[in-house]
Amino acid sequence: MFTMGGVGPAQADGGPHVSHQATVAGNLVVSDAAGRCATCHRAHTAKASFLLIQAEPALCYTCHDSTGIASTDVQDGQTPGGLALRGGGFDKAKIDSGNASRDWTANLVNGVADGTFTGSNPVVPALGTAVAGQSTTSRHQIGTPGTEWGNGYLNSGVGQGVTLECTSCHDPHGNGNFRILKATPSNSQWKLVPPVADNPATRSVDESLTPAVNVVIPDSTTQGYTTTNYWSPGANGSLTNVGAPGGTAFTNGTSSVGTGAAAPDGYIQNIAAWCTTCHTRYLASSKSYKNANQGYPTVDGATGGTVDTTYTYRHRSDANYKQNAANCITCHVSHGSNAAINGAGMGSADQVRDPGGLITPPAASSSRLLRVNNRGTCEMCHSV
């Protein structure tokens with residue numbers, strides 16, 4: 001069933017807005033829902049670029065809001081029926097961030113507790129369908145200029161200024177990828193190191209930005225937009241590639257799963273690389289927490305050289321090969337979080353400092369898209 005000229009709920013990622021049957025030869029365009037074009041576009045009386053009838057994000061919210069036209073209300077972080085969306089929401093979200101929990105078991109040495117613990121069963125519950133979403137305390141900023149944190153070549157400051165739109169990350173016409181994500185998000189137009197001059201002794205910094213590498217996240221067999229546990233890392237409800245041959249080995253470049261083991265699904269496998277097409281200096285490998293230049297290349301392209309003065313020691317973020325591994329979505333949601341940041345130590349000491357020592361933070365109460373109140377995200381993995 002289609003409404004508003006043909007735009008309706010997505011049956012599979014990659015095609016919620018497609019107006020033609022690309023695999024059917026000889027299709028008649030007049031019977032191919034071509035009228036859907038007018039849902040978003042006007043040929044001569046458009047009000048925004050790309051012939052849109054209005055600018056983003058308002059255009060996207062005409063369907064993806066509380067009206068229920070689309071199956072995902074990304075403005076309020078829920079489905080029309082009140083189920084919590086896995087990515088949170090831009091204005092409201094339904095993450096029960098204050099009730100995160102985990103079972104801790106004391107570790108024993110010769111029958112005596114050694115002061116360490118092993119955690120299991122991590123849960124960050126979602127608010128129920130009858131409970132209204134809470135106002136977000138952080139979100140990906142869309143429609144207005146903001147800082148793309150970590151964007152830019154080494155030692156280029158905290159990040160580039162950019163204006164994001166919904167279509168910066170998503171292809172509105174469909175592309176066959178997971179969540180119709182673009183392989184290269186708009187505004188992720190740079191590489192980690194600046195171009196190198198011919199003479200290594202007189203290297204120059206060219207501030208022109210160059211395109212990032214495409215990171216394709218393939219579509220999933222299971223479409224799971226909602227969640228009851230925000231700590232579940234499988235964004236589509238599964239951590240394995242259902243269609244993978246039994247003897248397929250998987251590696252993400254730094255870690256691997258042996259032959260015969262099930263590979264992670266395409267989302268888990270590629271999400272850190274995809275997020276860091278914009279936030280490139282956030283991508284960190286094992287031992288980056290104690291080595292200032294771990295994972296950073298030199299200007300020659302080798303590893304272990306240049307140290308960025310802003311993003312120096314970093315939490316690992318490239319472990320895409322097992323459940324609860326450290327990657328971007330382990331700690332963060334994609335659209336917006338309602339987590340509360342009001343505990344001790346969450347004030348001025350929690351600011352971001354640029355190379356000049358000046359405090360240039362987001363709002364002091366910003367939850368940084370985290371899932372748990374007051375950096376409780378750390379204790380979801382670590383016993384401290």
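Residues numbered from 1 in each chain as written. Predicted model: local features only at pLDDT ≥ 70, side-chain atom pairs only at ≥ 80, totals over all residues. Heavy atoms only, no water.

### Here's the deal with the confidence of the model for the protein
Convention followed: The predictor attaches a confidence to each residue, and that confidence, scored 0 to 100, is pLDDT. Labels follow the DSSP assignment, with helices taken as runs of H or I lasting at least four residues and strands as runs of E lasting at least two, numbered in each case from the N terminus. Here a residue-residue contact requires only that any non-hydrogen atoms of the pair lie within 4.5 Å.
Per-residue pLDDT for the protein averages 74, and the proportion of residues at 70 or more is 65%. Averaged over each element, pLDDT in the protein is lowest for strand E8 (residues 250–251) (43) and highest for strand E1 (residues 92–93) (96). Contacts for the low-pLDDT stretch residues 197–209, under 50 throughout, to residues beyond four places or in other chains number 15 contacts. This model gives residues 234–256 a pLDDT under 50, and the stretch forms 56 contacts once residues within four places in sequence are excluded.

### Section: the side chain of Thr 227
To keep things clear, this is the line we draw: Polar contacts here mean pairs of N or O atoms no more than 3.5 Å apart (in protein, one a potential hydrogen donor and the other a potential acceptor; neighbouring residues in sequence count only if both atoms are side-chain atoms).
Within the secondary structure, Thr 227 is located in the loop between helix H3 (166–169) and E8. Here Asn 229 takes part through its backbone oxygen, which lies 2.9 Å from a polar atom of the side chain of Thr 227.

### Overview of the nonpolar core
Selection rule: Among buried residues, the Ala, Val, Leu, Ile, Met, Phe, Trp, Tyr and Cys ones that are joined through side-chain atoms within 4.5 Å form a nonpolar core. Per-residue accessibility, obtained with a 1.4 Å probe over protein chains only, is compared with the maximum for each type, and a residue is labelled buried under 20%, exposed over 50%, and partly exposed between these values.
Ranked by size, the top nonpolar core spans 12 residues in total: Phe 178, Leu 181, Val 215, Ile 217, Tyr 267, Ile 268, Ile 271, Ala 272, Trp 274, Cys 275, Cys 328 and Ile 329. Those elements giving two or more residues to this core turn out to be helix H4 (266–275) and helix H5 (328–331). The biggest single contributor to this core is H4, with six residues. Listed in part, the 11 residues of the second largest apolar core include Ala 93, Val 124, Tyr 230 and Met 380.

### Observations concerning unusual backbone geometry
Glycine aside, negative phi is the norm for most residues, and most peptide bonds take the trans geometry. In this model, Glu 56 is joined to Pro 57 through a cis peptide bond whose omega is 0°. Here Pro 57 shows up in the loop between helix H1 (37–40) and helix H2 (58–61). The residue Leu 51 is not glycine, and still its phi comes out positive at about 60°. Its relative accessible area of 44% is what places Leu 51 among the partly exposed residues. Positioned with a positive phi, Arg 179 is a non-glycine residue whose angle comes to about 55°. Counting through the fold element by element, Arg 179 comes out in the loop between H3 and E8. On the basis of relative accessibility, which here comes to 16%, the residue Arg 179 falls in the buried class.

### A look at the pairing of strand E2 (residues 101–109)
For the record, the criterion: DSSP bridges decide pairing: two strands pair if at least two such bridges lie between them.
Alignment of E2 against strand E3 (residues 112–123), held across seven bridges, turns out to be antiparallel. Bridge pairing links Thr 105 to Thr 118 in E3.

### Looking at the environment of Leu 59
With respect to the helices and strands, the residue Leu 59 is situated in helix H2. On the accessibility criterion, Leu 59 (9% relative accessible area) is buried. For the pair formed by Leu 59 and Cys 166, sequence separation is 107 residues and the distance between their alpha carbons is 9.6 Å. Leave out the neighbours within four places in its chain, and Leu 59 touches Cys 40, Leu 52, Ile 53 and Gln 54.

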